[in-house]
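Given next are the chains, with one letter for each unit.
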Amino acid sequence: MRKSMMLLLSMLLMLNIALAPQQAHAEAGVPSLEYSLSASADTWVQGGATADTKYGANDRMKVKRTTTENRDAFVKFDTASVIGSVYEAELRLYVVSMESATVSAGGMYQIEIRGMSDDGWSEVGMTYANAPADQGTVLGVVTVTQSSVGSYVTADVTDFIKGQTDSTVSFRIRGVEASRGADYATKEHAFPPLLMVKAWQGAQPDTLPPTIPGTPQAEWSGPGSVTLTWQPSTDNSGTVTYAVYRDGAVRGTAAAASYTDTGLNPGNSYVYRVLAVDESGNASPLSEPVTVTAPGLQLVTEAAADSYTRPGSGPFGSQTTMNVKSNSSGSDIRRAYMKFPIPEYSGMLEHAAVKLYVTALESSTPADGYDVTLYGIQDDSWQEGTITDANRPQETGVPLGQFRVNADAVGTYISFPATEFVRGQTDGIASFYMQSSSGVSRGANYATKEHALDKPPLLMLTIQELQTPAVPEGLAAVASSKRVHLTWNASNQATLYEVYRDNGSGFTLTGQTAGLEFTDTDVVNDTTYTYKVRARNAAFESGFSVPVAAMPIYPLLVRDVSFHTLSGDRVVSLDGVGFIQLRGMLENLTVDSFDTVMQFRVLKSNADKEEVLRGSVRRTVRAGSTAEFKWNGQFEPSDSDYTVEVSVRDAANGSSEELYHIRTYFDHP
């Protein structure tokens, strides 16, 4: 079988074609026999006045369900003559006639084929009163129509026959719909019940394909090289080989759920799928596809310094391995430290990864291993020849990733993502440490640059050649009081974004950011501003985004400010007025509630703006509502026009920022 599987894979490679998800049976050279067995016993039962009647000698049997009883038929077969391994079995019943009431009701009804465990019944002595208590297990439902009369109806009973442990098999046939029925031929009829059986006359061939492999996962393993891994297939034979497809053509084969492809061109995209083939040549359907784009230049740098720390011991800078482990009390935490020079490059850092080679699990560590976490640190001052637990860098660092180190990881590199951390280093050096994050008293050893295997810690960088960044999309603006907050989607190849603003006199640069948001606080309320964004890198700049407009507003609106007498009459002239009531409306334009203090000043409209009246009122105005305010004061009018200033502040937190400010002018009549 192994030879036939490899032959199939070889043909796929030579023809370079995609295998359709269909399976060819591998029964060539294995003989098969078909058996046609007539019923050895058959009868039917009927209740009521005929509950003790025996119908075993009749040439037909009735199958009908009434409102009060089941008129069931029983059929038994002797399978002793069947030799070999059954792979198909079919029960056949010949329809002699259909009851007129069933014909009038549409000429169709259904019967259940039930498999029985009780084979002890006899057609000679069976009646409704002594019929087997075994109701049987429903194996299938057969639809009988008027056109079925004069022919056999069939039911698949393969699994039931396969499960028999003796040479006798019994079936119970029962109607489904009430008051409908038909007559079926017995063994005394010219067309008896039949059991059609097919069996292999030797070892049963394997016709089951493996399960579909999982969707491949891709990891770049070197310049122009990608390693694919996937969830393994399962198969009844226990052994499968995988065919790996690239862009619809077979690229190669693998005995395990992993494959490394090479010769990929930077910047090109490739689509990979996988199928599994078992020892009999049965092939699974193709897996779901994964698309990978080959990275640009890949730089690999080895650790310039590496060591590990252990309380009360060290330094270990000259050791060939680093031991990472911790105990339950936390008194013996062993950390591995690595320092890398970051090579100079022209382009954009697309991906960075730190890799460590696992030499062995400690003898006390079980095969399922333990978890380790890698951290990036800013302190690069440590030296491998002197670092100990007592003088190691004390910063916690940035967690970059976790890995489960188990028996399968021994003899391989484990990898941690470090892209953003490496991008943030400005001194050309990147330092890391690793410690266990689960699995008390479990540990492993990792190769240093001094190890004889030449498997030092590695920092792998993928550099993309700089291209023009994509135009930023999704620019959105949210305005509030005296600020506008902008967000947008990331642009490929961008390292910096420039924000431009126009307040009516043309666009000018208002800010830069490496992120995807910007808050403009150099704005005033009730003024419309228009924004657009473009992306940059060290060599190129994109076009501008679609512009958006926003207008910062005060969260509150003061309106309808007016003078009234204390009795409530509106003042149209300030002549002769001694006491006044200042009224107005405070409208909340937001979804927040405000506890406010409103301050009023009445000023003469002269050059000195002489204040003649001052007061304040505290009001709470709920989200989306309007509150009226009133303030009474004594007024000494003069021959002048007046200005009323109203300012509103947040009383709850004592904020000095104005929530609203208005000036209303009143001319002296």
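In this text, all values refer to a predicted model and were calculated from it rather than measured experimentally. (Residues numbered from 1 in each chain as written. Predicted model: local features only at pLDDT ≥ 70, side-chain atom pairs only at ≥ 80, totals over all residues. Heavy atoms only, no water.)

### Observations concerning the overall build of the protein chain
Here is step 1 of the chain: Secondary structure summary: the protein chain contains 4 helices and 44 strands in total.
Here is step 2 of the chain: Against the compact-globule benchmark of 26 Å for 669 residues, the protein chain has a radius of gyration of 44 Å, which places it well outside the compact range.
Here is step 3 of the chain: If you line up the protein chain on its principal axes, its C-alpha atoms span 130 × 85 × 55 Å.
Here is step 4 of the chain: Counting contacts in the protein chain only where the partners sit at least 6 residues apart, residues at least 24 apart contribute 75% of the total.
Here is step 5 of the chain: Surface exposure of the protein chain reaches about 31700 Å², of which carbon and sulfur atoms provide 49%.
Here is step 6 of the chain: The protein chain carries 51 positive and 75 negative side-chain charges, and their two centres are separated by 3 Å. (Helix = DSSP H or I, 4+ residues; strand = E, 2+ residues; numbered from the N terminus. Rg over C-alpha atoms; globule rule 2.2 N^0.38 Å. Contact = heavy atoms within 4.5 Å. Areas by Shrake-Rupley, 256 points an atom, 1.4 Å probe, with all protein chains shown as cover. Lys, Arg positive; Asp, Glu negative; His and termini not counted. Charge placed at Lys NZ, Arg CZ, Asp CG, Glu CD.)

### Considerations on the packing of aromatic side chains
Here is step 1 of the chain: Per the counting criterion, the structure on display carries 20 aromatic pairs.
Here is step 2 of the chain: Taking the ring centre of Phe 507 as reference, the NZ or CZ of Lys 532 above it sits at 4.2 Å.
Here is step 3 of the chain: Between the NZ or CZ atom of Lys 532 and the centre of the ring of Phe 544, over which it lies, the distance is 4.1 Å. (Phe/Tyr/Trp six-rings, centres within 6.5 Å; stacked < 30°, edge-to-face > 60°. Lys NZ or Arg CZ within 6 Å of the ring centre and 35° of its normal.)

### Some details on the sheet that holds strand S8 (residues 137-145)
Here is step 1 of the chain: Taken in spatial order, the 5 strands of this open sheet run S2-S5-S10-S7-S8, and their pairing is antiparallel. Looking at which strands have only one partner, the edges of the open sheet turn out to be strand S2 (41-44) and S8. Pairwise comparison of adjacent strand axes, ignoring direction, gives a mean angle of 20° for this sheet.
Here is step 2 of the chain: Here S2 pairs with strand S5 (residues 73-78) via 4 bridges, running antiparallel. Counted as the bridge partner of Ala 41 is Lys 76 from S5. (Pairing = 2+ DSSP bridges. Axes fitted to C-alpha atoms, helices over the stretch in contact; angles between N-to-C directions.)

### Observations regarding unusual backbone geometry
Here is step 1 of the chain: Along the chain, Gly 314 connects to Pro 315 via a cis peptide bond; the corresponding omega equals 10°.
Here is step 2 of the chain: If you trace the backbone, Pro 315 turns up in the loop between strand S21 (305-309) and strand S22 (321-325).
Here is step 3 of the chain: The backbone phi angle of Lys 482 is positive, close to 60°, even though this residue is not glycine.
Here is step 4 of the chain: Within the element layout of this structure, Lys 482 appears in the loop between strand S31 (476-480) and strand S32 (483-487).
Here is step 5 of the chain: With relative accessibility at 30%, the residue Lys 482 sits in the partly exposed group. (Buried < 20%, exposed > 50% of the residue type's maximum accessible area, 1.4 Å probe, protein only.)

### Let's talk about the pattern of salt bridges
Here is step 1 of the chain: By the definition in use, this model includes 39 salt bridges.
Here is step 2 of the chain: Across the pair Lys 355 and Glu 219 runs a salt bridge, and its minimum N-O distance is 3.9 Å. With a gap of 136 residues between them, Lys 355 in strand S24 (residues 348-361) and Glu 219 in strand S13 (residues 217-222) connect regions that are remote in the sequence.
Here is step 3 of the chain: Among the residues examined, Lys 355 registers a relative accessible area of 11% and is labelled buried.
Here is step 4 of the chain: Connected through salt bridges with shared partners, the residues Asp 59, Arg 60, Lys 62, Lys 64, Glu 99 and Asp 183 form a single ionic network. (Salt bridge = Lys/Arg side-chain N within 4 Å of Asp/Glu carboxyl O.)

### Structural notes on a nonpolar patch on the surface
Here is step 1 of the chain: A grouping of Met 551, Ile 553 and Leu 589 is seen on the molecular surface, where their side chains present a nonpolar patch of about 230 Å² in accessible area.
Here is step 2 of the chain: Counting through the fold element by element, Leu 589 comes out in the loop between strand S39 (579-588) and strand S40 (594-604). (Patch = residues over 30% accessible without salt bridge, like charges linked within 9 Å, V, L, I, M, F, W, Y side chains within 5 Å.)

### Some words on the sheet that holds strand S35 (residues 517-520)
Here is step 1 of the chain: Taking strand neighbours across the sheet as the criterion, the 3 strands line up as S31-S32-S35 in an open arrangement whose pairing is antiparallel. The sheet is open, and its two edges are formed by S31 and S35, each paired on a single side. The sheet shows a mean angle of 15° between the axes of neighbouring strands, direction not considered.
Here is step 2 of the chain: In the sheet, S31 pairs with S32 via 5 bridges, with the strands oriented antiparallel. Within S32, the residue paired with Ala 479 across the bridge is Val 484.

### Here's the deal with the side chain of Lys 76
Here is step 1 of the chain: Tracing the backbone through its elements, the reader meets Lys 76 in strand S5.
Here is step 2 of the chain: Among the polar contacts made by the side chain of Lys 76, one reaches the main-chain carbonyl oxygen of Trp 121 at a distance of 2.6 Å.
Here is step 3 of the chain: Those residues within four positions of Lys 76 in sequence are excluded, and the remaining contacts are Ala 39, Ser 40, Ala 41, Asp 119, Gly 120, Trp 121, Thr 168, Val 169 and Ser 170. (Polar contact = N/O pair within 3.5 Å; in protein donor to acceptor, adjacent residues only side chain to side chain.)

### With respect to the side chain of Ser 307
Here is step 1 of the chain: When you line up the elements, Ser 307 lands in strand S21.
Here is step 2 of the chain: A relative accessible area of 1% places Ser 307 in the buried class.
Here is step 3 of the chain: Of the polar contacts made by the side chain of Ser 307, one reaches the backbone nitrogen of Gly 317; its length is 3.3 Å.
Here is step 4 of the chain: Here Ser 307 is in contact with Phe 316, Gly 317, Met 322, Arg 335, Ala 336, Tyr 337, Glu 384 and Ile 387, once residues within four sequence places are set aside.

### Some thoughts on the layout of surface pockets
Which parts of space are left empty comes out when a probe the size of a water molecule is rolled across the atoms.
Here is step 1 of the chain: Taken as a whole, the largest pocket encloses approximately 580 Å³ of empty space.
Here is step 2 of the chain: Around the largest pocket sit 17 residues that line it, and Glu 219, Thr 229, Phe 403, Thr 412 and Tyr 413 are the ones nearest its centre.
Here is step 3 of the chain: Contributions of two or more residues to the lining of the largest pocket are made by S13, strand S14 (225-229), strand S26 (398-405) and strand S27 (413-417). (1 Å grid on protein atoms, 1.4 Å probe; cavity = no way out; pocket = protein on both sides within 12 Å on 5 of 7 lines; lining within 4 Å. Points joined across faces, edges and corners; volume = space filled by probe spheres on them.)

### Description of the environment of Leu 516
Here is step 1 of the chain: Here Leu 516 shows up in the loop between strand S34 (508-513) and S35.
Here is step 2 of the chain: You can call Leu 516 partly exposed: its relative accessible area is 36%.
Here is step 3 of the chain: Not counting residues within four places of it along the chain, the set of residues in contact with Leu 516 comprises Leu 486, Thr 487, Trp 488, Asn 489, Ala 490 and Tyr 497.

### Details of the environment of Leu 459
Here is step 1 of the chain: With respect to the secondary-structure elements, Leu 459 resides in strand S30 (residues 458-464).
Here is step 2 of the chain: By relative accessible area, Leu 459 is classed as buried at 0%.
Here is step 3 of the chain: Note: C-alpha distance between Leu 459 and Phe 416 (43 residues apart in sequence) is 9.8 Å.

### A closer look at the confidence of the model for the protein chain
Here is step 1 of the chain: With 91% of its residues at a pLDDT of 70 or more, the protein chain shows a mean pLDDT of 87.
Here is step 2 of the chain: Low pLDDT, under 50, characterises residues 1-5; the predicted model gives this stretch 11 contacts beyond four residues in sequence or across chains.
Here is step 3 of the chain: Per-residue pLDDT stays below 50 along residues 665-669; that stretch engages in 17 contacts with residues further than four places along the chain or on separate chains. (pLDDT = per-residue confidence, 0-100.)

### Examining the environment of Thr 137
Here is step 1 of the chain: Among the secondary structure elements, Thr 137 is positioned in strand S8.
Here is step 2 of the chain: A relative accessible area of 53% means that Thr 137 is categorised as exposed.
Here is step 3 of the chain: Sequence separation between Thr 137 and Met 116 is 21 residues, and the spatial gap between their C-alpha atoms is 6.6 Å.
Here is step 4 of the chain: Thr 137 has contacts with Ile 113, Arg 114 and Gly 115, leaving out every residue within four places of it along the chain.

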